[in-house]
Amino acid sequence: MPRLKINDVELEAPAGALVLDLCREQGIDIPHYCYHPALSPVATCRMCLVELKGQPKLATSCTTTVPPAPRDNPEAVVMEVLTNSPAVADARASVMDFLLMNHPLDCPICDQAGECKLQDYSYAYGSGDSKMVEPKRRYRYEDLGAKIVIDKNRCIHCTRCVRFTKEVTGTYELTVAQRGSHLEVTTYSGKSLDGNPWAGNVVDLCPVGALTSRDFRFNKRVWYLKPVPSISRYSATASPVWLDVDQNRVWRIRPRPLPGHPETFFLHDEERYAYHSYNLDPSRRLEGPRLKGERASFDRIREALEGAGPVAVVGQGTFGNESAERLGSLATEESWRFGTGDKHYPILLPKHQLSADGIFNRRGFSERGFRFGLLEILQGLLEAGTVKGLVILHDEAFSSGRESERLLGLVGRAAFSLVLECLPSELGRAATATVPITTCAEESDAVTNHQGEIRRYERALQPPMGICTVAQVVNELKGVPVPA
Ligand code: SF4
Ligand code: FES
């Protein structure tokens, strides 16, 4: 492998490796705006300049790669990089002056404040001074459809957003128009971003506050938010995400990219805006267990379940592995574990949507003996009287009308049926008993995605008093005391 030096520290790296990536791997901060690992390099912002010993001009580290080792001297140092020389510091300060030339000082009202690269780099690398005496260029903010708002005054023309609509979604809504100091990011003939189901990603990509989300804009200062690691419930990829939480409420979802997993860089808008469903109105939820429509204790439900006879369980593959494990333990026979959930998505971006399956823990449930698509076997067992009791872990958002009908039919055939669900549903009302459970944002667990990778998620919200996790409910049903 070729040898190189970064700030006089010698290391080996494969030929073709990006200098910017290597520096970051060494823990060296290289300021950058236009570089993004999922987009093609354009080297327009000039913020990532480094010095290469022996070369007269500074080079952009986002486009400089490690050359191969010479054949006649494989041990030779092929490149010496300096990221902290006076020439680099001077260049960074000058680039910051240039980028801030037209940028307004509206940080107190800008949504990006607190996570703005312009603020951060200005503080770390800027001159702290402005040489601009001319009036700044001014635009009014514009709606790019119902989801995204652009404030062109703040744009630094890194073109990340433009490259996203060109290279990732292939929808080409955004472009760069005009020339020189009149350069502006805009849409082709006033085209909106509403038709782009991945449009929300341009807000994450924008390193400054030029592109903002209509959904989040002016709602919360970001320094109040606590990021909680979680997973996307959109597809069986179970992409890692951050849930940004404050005051027991989720305010937004952001991608949490995993190295080596390009599909984790971007989120579908359906998932991005699904966080509203995590902030459940407590008045819509059941307050506690119910038996035949009346409030009941766990003891009474346990007695009713024990008295019912042989029990089968039905688990929706949208709960965690711990829930699947505990629910499975309620089945009288191992083979009486059935899986539900039949939601699927169209594949629009094959590179970023690795699975069309909308049941994100189907694999985790399958590995625990839950059999999907075989509810007719369960129906036969109920009709033959072999199975008398039914426990269903349910979330109607992930079942089609056909599957919901089928579940209703099973509940009607069981001598005793218990439904565990977050929100009351027709299925719960038809069952003999219901127990409210926590949502995925209110518990910590893990799922196994379609590739067999374990993806963990942490509790982000405190559940209302008296609402338990599936594991706690199963403990109660088995008579194991639940710790306070
Ligand atoms: S709007 Fe944001 S992402 Fe797009 S070019 Fe301007 S600064 Fe870059
Ligand atoms: S990040 Fe290298 S030039 Fe912009």
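Residues numbered from 1 in each chain as written. Chains lettered and ligands numbered in written order. Predicted model: local features only at pLDDT ≥ 70, side-chain atom pairs only at ≥ 80, totals over all residues. Heavy atoms only, no water.

(A) Quick look at the packing of aromatic side chains. Overall, the coordinates contain eight aromatic pairs when judged by the stated rule. Relative to Tyr125, the ring of Tyr121 lies with its centre 5.9 Å away and its plane at 55°, an arrangement referred to as tilted. Highlighted residues: Tyr121 and Tyr125, both in helix 3 (residues 117–125), separated by four residues, approximately one helical turn. In terms of burial, Tyr121 and Tyr125 fall into one category: buried. Where Phe360 meets Phe398, the ring centres are 6.0 Å apart and the plane angle is 75°; that geometry is what we call edge-to-face. Of the two residues, Phe360 sits in the loop between strand 17 (337–340) and helix 9 (362–367) while Phe398 sits in the loop between strand 19 (389–394) and helix 11 (401–413), which places them 38 residues apart along the sequence. You'll find Phe360 and Phe398 in the same group, each marked buried. (Phe/Tyr/Trp six-rings, centres within 6.5 Å; stacked < 30°, edge-to-face > 60°. Helix = DSSP H or I, 4+ residues; strand = E, 2+ residues; numbered from the N terminus. Buried < 20%, exposed > 50% of the residue type's maximum accessible area, 1.4 Å probe, protein only.)

(B) Spotlight on the sheet that holds strand 21 (residues 433–436). The strand order 15-14-21-20-19-16-17-18 describes an open sheet built from eight strands, whose pairing is mixed. If you trace the sheet from one side to the other, it starts and ends with strand 15 (294–295) and strand 18 (371–372), each paired once. Helix 10 (residues 375–383) contacts strand 16 (311–316), strand 17, strand 18 and strand 19 of the sheet and is inclined by roughly 135° relative to strand 17. (Pairing = 2+ DSSP bridges. Contact = heavy atoms within 4.5 Å. Axes fitted to C-alpha atoms, helices over the stretch in contact; angles between N-to-C directions.)

(C) Structural view of the site of ligand 1. As a matter of local geometry, ligand 1 sits amid Cys155, Ile156, His157, Cys158, Thr159, Cys161, Val185, Cys206, Pro207, Val208, Ala210 and Leu211. Per-class residue counts for the shell around ligand 1 are ten nonpolar, two polar and no charged. (Near = heavy atom within 4 Å. Nonpolar A, V, L, I, M, F, W, Y, C, P; charged D, E, K, R; others polar.)

(D) Seen up close, the sheet that holds strand 4 (residues 59–60). The strand order across the open sheet formed by five strands is 2-1-5-3-4, and the pairing between neighbours is mixed. Two strands close off the open sheet at either side, each with one partner strand: strand 2 (9–12) and strand 4. Across four bridges, the pairing between strand 1 (residues 3–6) and strand 5 (residues 77–82) is parallel. Within the sheet, the bridge partner assigned to Leu4 lies in strand 5 and is Met79. Across the face of the sheet, helix 2 (residues 86–99) comes into contact with strand 3 (49–52) and strand 5 while running at roughly 155° to strand 3.

(E) Local environment of the environment of Glu271. Its place among the elements puts Glu271 in helix 6 (residues 269–272). Exposure remark for Glu271: the relative accessible area of 3% places this residue in the buried category.

(F) View of helix 3. Every buried residue of helix 3 is accounted for by Leu118, Tyr121 and Tyr125. Relative to the axis of helix 3, the buried residues are bounded by an arc of 75° and lie together on one face. Exposed and oriented more than 90 degrees from the buried face of helix 3 are Tyr123 and Ala124. Where helix 3 is buried, its residues touch helix 2. (Arc of directions from axis to C-beta.)

(G) Here's a closer look at the nonpolar core. Counting residues in each nonpolar core, the largest one holds 48 residues, and the members touching the most others are Ile301, Leu378, Leu390, Val391, Leu418 and Leu420. Leave out the neighbours within four places in its chain, and Leu378 touches Ala312, Val314, Phe338, Leu390 and Leu410. In terms of nonpolar packing, the next biggest core, distinct from the first, is built from 38 residues, Ala38, Ile150, Cys158 and Phe164 among them. (Core = buried A, V, L, I, M, F, W, Y, C linked by side-chain atoms within 4.5 Å.)

(H) Expanded view of the domain arrangement of the protein chain. Its domain assignment divides the protein chain into domain 1 (3–96), domain 2 (130–224) and domain 3 (282–477). Computed from C-alpha coordinates alone, the two centres of domain 1 and domain 3 are separated by 52 Å. (Domains from an automatic or database assignment.)

(I) Region of interest: the layout of surface pockets. Of the voids in this model, the largest pocket is the one considered here, and its volume is about 1300 Å³. Around the largest pocket, the lining is made up of 45 residues, and of these His36, Arg160, Asp204, Leu205 and Arg254 lie nearest the centre. Elements supplying a minimum of two residues to the lining of the largest pocket: helix 1 (19–25), helix 3, helix 5 (201–205), strand 10 (211–213) and strand 13 (249–255). Counting residues per element, the lining of the largest pocket draws most heavily on strand 13, which supplies four residues. Of the residues contributing to the lining of the largest pocket, the split by class is 21 nonpolar, eight polar and 16 charged. Every residue lining the second largest pocket is counted, 24 residues in all, and those nearest its centre are Arg233, Ser277, Asp395, Ala397 and Phe398. For the lining of the second largest pocket, a count of residues per class yields twelve nonpolar, five polar and seven charged. (1 Å grid on protein atoms, 1.4 Å probe; cavity = no way out; pocket = protein on both sides within 12 Å on 5 of 7 lines; lining within 4 Å. Points joined across faces, edges and corners; volume = space filled by probe spheres on them.)

(J) Highlighting the packing of helix 2 against helix 3. Two elements in contact, helix 2 and helix 3, have axes whose closest approach is 10 Å; the angle formed by their N-to-C orientations is 140°. What the angle tells us is that helix 2 and helix 3 run oblique. Viewed along their axes, helix 2 and helix 3 form a crossing whose handedness is left-handed. For the pair formed by helix 2 and helix 3, the contact residues are Arg92, Ala93, Met96 and Leu99 on the first element and Leu118, Tyr121, Ser122 and Tyr125 on the second. Class assignment of the residues belonging to the contact of helix 2 with helix 3 gives a composition of six nonpolar, one polar and one charged. (Parallel < 35°, antiparallel > 145°, perpendicular 65-115°, else oblique. Left-handed = near helix turned anticlockwise from the far one by under 90°.)

(K) Just the pattern of salt bridges, in detail. Overall, the coordinates contain 27 salt bridges when judged by the stated rule. Of the charged contacts, one joins Arg154 and Asp106 as a salt bridge, the two residues approaching to 2.9 Å between their closest N and O atoms. In this pair, Arg154 sits in the loop between strand 7 (148–150) and helix 4 (160–168) while Asp106 sits in the loop between helix 2 and helix 3, placing the two residues 48 residues apart along the sequence. Given a relative accessible area of 5%, Arg154 falls into the buried group. The buried category is assigned to Asp106, whose relative accessible area is 15%. Through salt bridges that share partners, Arg3, Glu10, Glu12 and Glu75 make up one connected network. (Salt bridge = Lys/Arg side-chain N within 4 Å of Asp/Glu carboxyl O.)

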